[in-house]
Amino acid sequence: DVKVTQSSRYLVKRTGEKVFLECVQDMDHENMFWYRQDPGLGLRLIYFSYDVKMKEKGDIPEGYSVSREKKERFSLILESASTNQTSMYLCASRPGLAHEQFFGPGTRLTVL
Amino acid sequence: AQSVTQPDIHITVSEGASLELRCNYSYGATPYLFWYVQSPGQGLQLLLKYFSGDTLVQGIKGFEAEFKRSQSSFNLRKPSVHWSDAAEYFCASPTGTASKLTFGTGTRLQVTL
């Protein structure tokens, strides 16, 4: 089975802190994605990566950056956390030509 | 723009009753369509997918969905709901050249005993 893991299930940070959310997948998938999930808004794509060191902006990239130094790991970075970034963050991966994405358990981030 | 719409924000059914969750899409060609389920505090799990062929697709946990081109719909059904089915359900479809998934806003299912 594909396994996508995220470094933390719950995280509490203060405004202005730099925050790293880590995602690791064990199935050699080329594509990886970061979403945020908010009530009534569904899932919105922040960034995605289709290869090591490659990244593309999603629908809501402002305030975020990403890093993909190794194929299995995709990090989401909040350079200076703000309260409006309090949300559930979901990571997903997808093999090259497929469409189905496999999701991690999510990280619920609270910024105080 | 391509979109996926879930008209129902919240649905409540009794355990043992049948269930239908609605999903509408807006595309010209035959789309790929997915249903995912998210239990409280968890990530998303794929229930079923439609790519082509048979318009009635079977998924895990006793769920099925029917693709109806004439109605631009891909509704999720289950003949008899169990209390453990209480969760949030998302319809999704790939969009764009990078096959990003576009999600509906979700339908929260509550099951009463």
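Residues numbered from 1 in each chain as written. Chains lettered and ligands numbered in written order. Predicted model: local features only at pLDDT ≥ 70, side-chain atom pairs only at ≥ 80, totals over all residues. Heavy atoms only, no water.

S.K.: I'd like to hear about the sheet that holds strand β7 (residues 65-70) of chain A, residue by residue, with values.
M.R.: All names here are of chain A. An order of β1-β3-β8-β7 is seen for the four strands of this open sheet, with the pairing classed as antiparallel. Strands at the two margins of the open sheet, each flanked by one partner only, are β1 (4-6) and β7. Each adjacent strand pair in this sheet contributes to an overall mean axis angle of 20 degrees, direction not counted. As defined by bridge partners, β7 adjoins strand β8 (residues 73-78) across four bridges and the pair is classed as antiparallel. (Pairing = 2+ DSSP bridges. Helix = DSSP H or I, 4+ residues; strand = E, 2+ residues; numbered from the N terminus. Axes fitted to C-alpha atoms, helices over the stretch in contact; angles between N-to-C directions.)

S.K.: How would you sum up the interface of chain A and chain B? Please name residues and give values.
M.R.: With 19 residues of chain A at the contact, the number on the chain B side is 20 residues. Overall, the association of chain A and chain B removes approximately 1,600 Å² of surface from exposure, summing both partners, and the carbon and sulfur fraction of that is 56%. Three residues stand out in chain A for area buried against chain B, namely His99, Glu100 and Phe103 of chain A, and they jointly supply 35% of the buried area on that side. Applying the counting criterion to the chain A and chain B interface returns one salt bridge. A salt bridge links Lys49 of chain B to Glu100 of chain A; the shortest N-O distance between them is 2.9 Å. (Contact = heavy atoms within 4.5 Å. Buried area = accessible area lost by both parts, 1.4 Å probe. Salt bridge = Lys/Arg side-chain N within 4 Å of Asp/Glu carboxyl O.)

S.K.: Quick one: what's the story with the pattern of salt bridges, residue by residue and with numbers?
M.R.: For the structure on display, the rule yields twelve salt bridges over all chains. Connected through salt bridges with shared partners, the residues Arg36, Asp38 and Arg44 of chain A form a single ionic network.

S.K.: So what's going on with the state of the cysteines? Residues and values would help.
M.R.: In the structure shown here, the tally under the stated rule is two disulfides over all chains. Between the sulfur of Cys23 of chain A and that of Cys91 of chain A lies a disulfide, 1.8 Å long from S to S. For the disulfide bridge between Cys23 of chain A and Cys91 of chain A, the dihedral angle about the S-S bond is near -75 degrees, and by the sign convention the bridge is left-handed. With Cys23 of chain A in strand β3 (residues 19-25) and Cys91 of chain A in strand β9 (residues 87-94), the pair connects residues that are 68 residues apart, well separated along the chain. In this structure, Cys23 of chain A and Cys91 of chain A share a single accessibility class: buried. At a sulfur-sulfur separation of 2.0 Å, the disulfide partner of Cys23 of chain B is Cys91 of chain B. Of note, the bridge from Cys23 of chain B to Cys91 of chain B carries an S-S torsion of about -65 degrees and is left-handed in sense. Placement of the pair is Cys23 of chain B in the loop between β3 (19-21) and β4 (24-26) and Cys91 of chain B in strand β10 (residues 87-95), with a sequence separation of 68 residues. (Disulfide = S-S within 2.5 Å. Buried < 20%, exposed > 50% of the residue type's maximum accessible area, 1.4 Å probe, protein only.)

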